[in-house]
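A look at the structure
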Amino acid sequence: MTFEQYKIAFEKAASNSGYSELNIKRCLDYAKPLIENNVPIIYNTSHFSSLVGYKKAYIKKAVYYTKSFYTDYAIKKKNGKTRTISEPLPSLKEIQTWILQNIFQQLKVSPYAKAYKRKVSIVENLKFHYNQPKVFTLDLKDFFPSIKIHSVEQIFKSLGYSDLISNLLAKLCTKENCLPQGAPTSPYISNLYFLPADNHISEFCKQHSIRYTRYADDLTFSGNFDENAVLNFVSEQIVKLELVIHPDKIKLMTPNQRQSVTGIVVNQKPQVVFHKRNKVRQELYYIKKFGLANHMERKGIKKRNYLEHLLGKVNFIIQINPTDTEFIEYKEYLIKLKSEISGQT
């Protein structure tokens, strides 16, 4: 709907409802930038309540007592430490999903951002960095927790939302004043928040013939360049966003080393790193030797969906390298095994 179409319909409905000309003008002045930005018009909390299908009182509770609307649990990271995941309750998650689909997904993020985008796989992040003289990777420390509520609020304000609505939406998308790991809105917000830095970094890279992509909090640069100049420039952009580069995760890789990007080797052809491939290879070996049930018992595996989980790993390896005949055979074996087990139940 264009603004002119909205204006005609709104003026007619508002006049019939007894709105004054001044109020009609105020509403239309407010609505215009929102329509131009292709996001829904939200006048107040009651209006938002009607849009998402939840009572105003419920939404206020979610805003004032946010912590009680999440379930926290820990998952292990690669380094052995844990990461806290905050899973929103189904009701809050439904509201966040509405915000994601109706507001955030209408907004463009950088083409250099390769994570959290529909119909974009991890392969998109890799194909720019195959067989390069240098691969240089940086990692942002505590990415989601570093993005604070005031920055989320500013995103909404920049679209034309009022201070009241911007604050309301920002509170619904944050937990304890920052982005929660587990909310459906957090990934897209992180891409929007990083957009100015993506723009500056990509422009710098164009000028110096450097390939650049970002996959969530992992920044990758490849080509022939001065890595110190890249680090200095990126550091300047990161500081502006109140972010920090992880000092222990700055890595320069040359062709005589294994060059990996987000866990995928990119020297000559894309390939999941050896230790991950080998772990899957060993699991298949033991399944074939001892049988699935005995293997799971020997290794203390209690996952009910273990076979599907293993098939998912094999599929991912094939996705990265579709010509990997060894893992194509593993896939065929697992599918056949799954079919046989299904036939027995």
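This structure is a prediction, so every number in the text was calculated from the model and none was measured.

So, the overall build of the protein
Each helix and strand counted, the protein has 15 helices and 9 strands in total. Each principal axis of the C-alpha atoms in the protein carries an extent, and together these give about 80 × 60 × 35 Å. Going through the 345 residues of the protein one by one, you find that 45% of them count as buried. On the protein, the mean spot of the 51 positive side-chain charges and the mean spot of the 31 negative ones are 5 Å from each other.

Side note on the pairing of strand 3 (residues 134-139)
On a regular strand, each side chain points to the face opposite its neighbour's, so the side chains alternate between the two faces of the sheet. Of all the 6 residues making up strand 3, 6 are buried; the element is thus mostly covered by neighbouring parts of the structure. Residues Lys134, Phe136 and Leu138 of strand 3 are buried on one face, and the alternating residues Val135, Thr137 and Asp139, pointing to the opposite face, are buried as well. Of the strand pairs in this sheet, strand 3 and strand 5 (residues 218-223) are connected by 6 bridges, and their pairing is antiparallel. Bridging across to strand 5, Leu138 finds its partner in Leu219. Where strand 3 lies against strand 6 (residues 251-253), 3 bridges are found, and the strand directions are antiparallel. In the strand pairing of strand 6, Thr137 is matched with Lys251.

Notes on the sheet that holds strand 6
Working definition: the strands of a sheet are paired by backbone hydrogen bonds and lie parallel or antiparallel to each other. The strand order across the open sheet formed by 4 strands is 4-5-3-6, and the pairing between neighbours is antiparallel. One side of each edge strand has no neighbouring strand; the edge strands of this open sheet are strand 4 (211-215) and strand 6. Ignoring strand direction, the axes of neighbouring strands in this sheet form an average angle of 15 degrees. Contacts from helix 10 (residues 186-207) reach strand 4 and strand 5 within the one sheet, and its direction differs from that of strand 4 by about 165 degrees. Contacting strand 3, strand 5 and strand 6, helix 11 (residues 227-240) crosses the sheet at an angle of about 25 degrees to strand 3.

With respect to the state of the cysteines
Applying the stated criterion across every chain, the model contains 0 disulfides. As a non-bridged cysteine, Cys173 has Cys178 as the owner of its nearest cysteine sulfur, 13 Å distant. Overall, Cys173 belongs to the buried group, its relative accessible area being 0%.

Here we look at the sheet that holds strand 8 (residues 264-265)
Taken together, the 3 strands give an open sheet; going across it, the order is 7-8-9, and neighbouring strands pair in antiparallel fashion. Edge positions in the sheet fall to strand 7 (260-261) and strand 9 (271-272), since each of these pairs with one other strand and no more. Where strand 7 lies against strand 8, 2 bridges are found, and the strand directions are antiparallel. The partner of Ser260 across the bridge, within strand 8, is Val265.

Re the nonpolar core
With 73 residues, the main nonpolar core has Phe48, Ile99, Ile103, Phe104, Phe194 and Phe221 as its most contacted residues. Top element by residues in this core is helix 10. It accounts for 9 residues. Setting aside anything within four residues of it in sequence, one finds Phe48 in contact with Ile42, Ile59, Ile95, Trp98, Ile99, Leu168, Leu169 and Leu172. Core analysis: the second largest hydrophobic core is formed by 25 residues, Val280, Leu284, Leu307 and Leu334 among them.

As for the packing of helix 4 (residues 56-64) against helix 9 (residues 163-172)
Relative orientation of the contacting elements helix 4 and helix 9 amounts to 70 degrees, with a least axis distance of 8 Å. In terms of orientation, helix 4 lies roughly perpendicular with respect to helix 9. Viewed along their axes, helix 4 and helix 9 form a crossing whose handedness is left-handed. Within the contact between the two elements, helix 4 uses Ile59, Ala62 and Val63 and helix 9 uses Leu168, Lys171 and Leu172. Its residues assigned to classes, the contact of helix 4 with helix 9 shows 5 nonpolar, no polar and 1 charged.

Parameters at a glance
- Residues numbered from 1 in each chain as written.
- Predicted model: local features only at pLDDT ≥ 70, side-chain atom pairs only at ≥ 80, totals over all residues.
- Heavy atoms only, no water.
- Helix = DSSP H or I, 4+ residues; strand = E, 2+ residues; numbered from the N terminus.
- Buried < 20%, exposed > 50% of the residue type's maximum accessible area, 1.4 Å probe, protein only.
- Lys, Arg positive; Asp, Glu negative; His and termini not counted.
- Charge placed at Lys NZ, Arg CZ, Asp CG, Glu CD.
- Pairing = 2+ DSSP bridges.
- Axes fitted to C-alpha atoms, helices over the stretch in contact; angles between N-to-C directions.
- Contact = heavy atoms within 4.5 Å.
- Disulfide = S-S within 2.5 Å.
- Core = buried A, V, L, I, M, F, W, Y, C linked by side-chain atoms within 4.5 Å.
- Parallel < 35°, antiparallel > 145°, perpendicular 65-115°, else oblique.
- Left-handed = near helix turned anticlockwise from the far one by under 90°.
- Nonpolar A, V, L, I, M, F, W, Y, C, P; charged D, E, K, R; others polar.

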